[in-house]
Every structure is written in structure tokens, then in C-alpha cells.
Amino acid sequence: MRVLDGALAPPDGTGSRILFVDLETTGLSGGAGTIAFLVGCAWFDIGALQVRQFLLTSYAAERALLAAVAECFDDTALLVTYNGKTFDVPVMETRWLFHRMEMPLDGVRHFDMLHPARRLWRDRPDGVAADAYADGDAGCRLATLERVLFGVRRVGDVPGMEIPSRYFRFLRSGNAAPLEPVLEHNRLDLVSLAAVTAHAARLAHEGSDACRDGSEALALGRVYERAGAVDRALACYGRAARDSHAAVDVKGEALYRIGLRHRRERRFAEAAAIWRELRDLDGGSRPLMTELRRFAAEALAVHHEHRERDLEGARELALLALEEADGASFHVKAEATRHRLSRLDRKLAQKKDSHLFGGCI
DNA sequence: TTTAACTACTCCGACTCGCG
DNA sequence: CGCGAGTCGGAGTAGTTAAA
């Protein structure tokens, strides 16, 4: 999981357990008025996922609930949440602080699966995003991921917005029936969180071979590159670029990243070959491909001017890049290309002069 | 040795989007 | 609905390279 979150070191220290946590609360605002009335915890033991839920049956019992949860956090090496950095952990810490209790999470490593999930699956043209938007649903919500990654569709699940009002109804009436689906929702969220985390960890461990398609390979490559695993990143980009079923945007970005990697490591000839391949991709008028083709023309112009000493070729490519400059940053990029063109013209004129001069002698 | 061009950083502000 | 972690693009800067 270190690959998935650079800040994360492998579990060590006193605890030994990886603990998945999900809260149901009385609202979203997160201030002192928001209470976690259900704390779900899950961990792997004896070959299965064990789930334990702490339900607050009255406000008076909150201190006891927090103490029981703190006890459950003992022996935890790693806490895993979904958006927990922003939501679950601050809510819990506020409650412990409110009761002037010790903070059981101090010193416990925390892995928030939301951000790696976005890196891995947000941009899937055929997957999470497209499917989610068709449903009017957000792209990387936990329930969306479980549907797209595992083909699971929840039946009769409680919408999150309904959860606080169901709890208030329970407090007023004492009837726990409206809470049953909330407990089930929390349990499913924990199972999903564990499954999504395990799936991401498998991808990170097994690399490009474990990817289902080019789009996932491209995303995993970005994750590896961020983590400094350059060779594994290149393997993923290669897989994405050569995937015959991959969308042209996916291939284009994969080639672009392979080319950048070559150039950064001063393998200029290999980089140039990739820029040529990128220019040969048939991307139609897709904005990303238009920009990548322009970028490749500019990079090839640099290569021809400075490495191959082919001023005419460089000029031709710079002209192409200028023609293809488009979009929001048109002016900045076109300006740089014009600057390049005028320098190339100057150099070509000098070359011509020196030839003439040489010829007269 | 000087100079221009390129590259790789860092920093900052403006976003986006998940949670019940 | 509010909050905040993370991302993205632009601007500025320091270091590197190679030609003259």
C-alpha cells in the first residue's frame, strides 16, 4: 500500500491489525453538534472479515461508546477509511476532545482509500465516471466503485441523506426498526471498503498484468510514477499504449508519459521515436489528442534543432506546432513556438550566409 | 568562458468532490 | 447543505547542457 499512498509506511509498532472504519453521524457539518451514533469497525481474522458495530442508543451513553470504540482501536497498526481524513477521523476526534478523553488514534497510521481510488478509477472512460454520470451519481463514491469494480448492486439501500432523520426518529420513538437498514448500510460500506482496498492493493502488488484494460494500466502507471517506481510505471504505460481496445486518449497519454520518461532520462532518440508514434495516432479532433499532437510536434522540433542539427526539419515541425496550437493556453504556447521559429529562421539565414561566404573564397 | 535554451523543481491560488 | 485533502495549471527559479 506504500505505492498507493506515499506517506504510508508498512504497519509496524505496537498494533498488528488493519482496521476498517466507517461512521454514521447526525449530519455532515462536522462541528461539535455532529455526533457519530454508529461506529462500524471491520478487520480480517480467521480467514474472514469480522464486523463490529457500536450503536449509540442515547446521548447519555456517548462516553461509554467512545470508550468501547477506543478499546477496539487497541492493537490497530493501520486505520483504513473512505474520506476519513476529512470526515470520519475529525468527527471522532471532536467527540473524544469534547469528553476530554485520550485520543486513541494518536500514533495510529491512517490510510484514506478515497484518494488512491480517485487516482485509479476516476478517469475510466468506460467505467466509474461514465456509468456514474449516467445514473446521475458521483464518480468515485464507495457504492459506485463496488458496482463498477465488482458488479454488485445494492437493493433497498438507505440514501446517506436519510440516515440522520432515521436516527432522530429512533431517539424520539424508541423504535429501532428504522435503524435496521442503516446498520446494514454501514455493514455493506465496511465490506465494500475492505474489498476496494484489497483490490487496489492487489493492483499495486501485481502491476500491469493485473490490470483489466489499458485505462486501468495507465492509471496504475501514474500511481507507480508518483511513488517513484519508474520501471513498473513504464510497464503499465506500455501495456496501455499497446492495448488494441484502449481509447485513443488512453494510448496517447500513455505514449506521452513514456516519451517524457525517456526525455527526462536523456534517452533522446527513444523519446523522439515516441513523439513520432504519438503524432501518427489517429485522434481526430479530440481536445486531448490535439494538444498531445501539438506537444509532440514541438518536442520533435526541439529534438531536430538541438540533437539532430536538422534546422529545416525543426522549422517544419515548429510550423506544424504553431498551426495546431489551440485551446485555452493558445497564446502562451503559440508565443513560445513563434520565438522558436524566429530563432530557427535566424540560424537558417546565418547558415545560408556562411555557405555563400564559403563559396566565394 | 559566456550565453541561450531546456529541464526540474517549488509555490500558490482556484478548483473538485467525497462524507451522512 | 460545510469542510478539507488532493489536484491542476501557471509563474518563478535554480541547475544543467552545449554551442560559439
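See the structure shown above.
Remember, predicted model here, so these are calculated numbers, not experimental data.

Of all residues adjacent to DNA strand C, which total ten residues, the nearest are Lys 85, His 115, Arg 119, Arg 226 and Arg 309. Interatomic distance of 2.4 Å between a side-chain N/O atom of Arg 119 and a phosphate oxygen of DNA strand C. Measuring from a phosphate oxygen of DNA strand C, one finds a side-chain N or O atom of Arg 226 at 3.0 Å. Grouping the constituent residues of the surface near DNA strand C by class yields one nonpolar, three polar and six charged.

You will see that Ile 46, though not glycine, has its phi angle at about 35°, which is positive. For Ile 46, the location among the structural elements is in the loop between strand S2 (36-45) and strand S3 (48-55). For Asp 75, which is not glycine, the phi torsion reads 70° and is therefore positive. Mapped onto the secondary structure, Asp 75 falls in the loop between helix H1 (62-73) and strand S4 (76-81).

Our focus in this paragraph is helix H8 (residues 214-226). Its 13 residues place the ends of H8 18 Å apart at the C-alpha level, agreeing with the 18 Å of an ideal helix rising 1.5 Å per residue. Of all 13 residues making up H8, twelve are buried, and the element is well covered by its neighbours. For H8, every residue scored as buried is listed here: Gly 214, Ser 215, Glu 216, Ala 217, Leu 218, Ala 219, Leu 220, Gly 221, Arg 222, Val 223, Tyr 224 and Glu 225. In this structure, the buried side of H8 is in contact with helix H3 (114-121), helix H7 (180-206), helix H9 (230-242) and helix H10 (248-264). Capping of H8 at its N-terminal end is provided by Asp 213; its side-chain oxygen lies 3.2 Å from the backbone amide nitrogen of Ser 215. Within two residues after H8, Gly 228 carries a phi angle of roughly 85°, on the positive side.

This paragraph deals with the packing of H3 against H8. Look at H3 against H8: their axes get within 7 Å of each other, and the N-to-C directions meet at 130°. By the angle between their axes, H3 is oblique relative to H8. Across the interface between the two elements, Arg 119, Leu 120 and Trp 121 of H3 pack against Glu 216, Ala 219, Leu 220, Arg 222, Val 223 and Arg 226 of H8. Looking at the contact of H3 with H8, its residues break down into five nonpolar, no polar and four charged.

Definitions and cut-offs
Residues numbered from 1 in each chain as written. Chains lettered and ligands numbered in written order. Predicted model: local features only at pLDDT ≥ 70, side-chain atom pairs only at ≥ 80, totals over all residues. Heavy atoms only, no water. Near = heavy atom within 4 Å. Polar contact = N/O pair within 3.5 Å; in protein donor to acceptor, adjacent residues only side chain to side chain. Nonpolar A, V, L, I, M, F, W, Y, C, P; charged D, E, K, R; others polar. Helix = DSSP H or I, 4+ residues; strand = E, 2+ residues; numbered from the N terminus. Expected span 1.5 Å × (residues − 1). Buried < 20%, exposed > 50% of the residue type's maximum accessible area, 1.4 Å probe, protein only. Contact = heavy atoms within 4.5 Å. Axes fitted to C-alpha atoms, helices over the stretch in contact; angles between N-to-C directions. Parallel < 35°, antiparallel > 145°, perpendicular 65-115°, else oblique.

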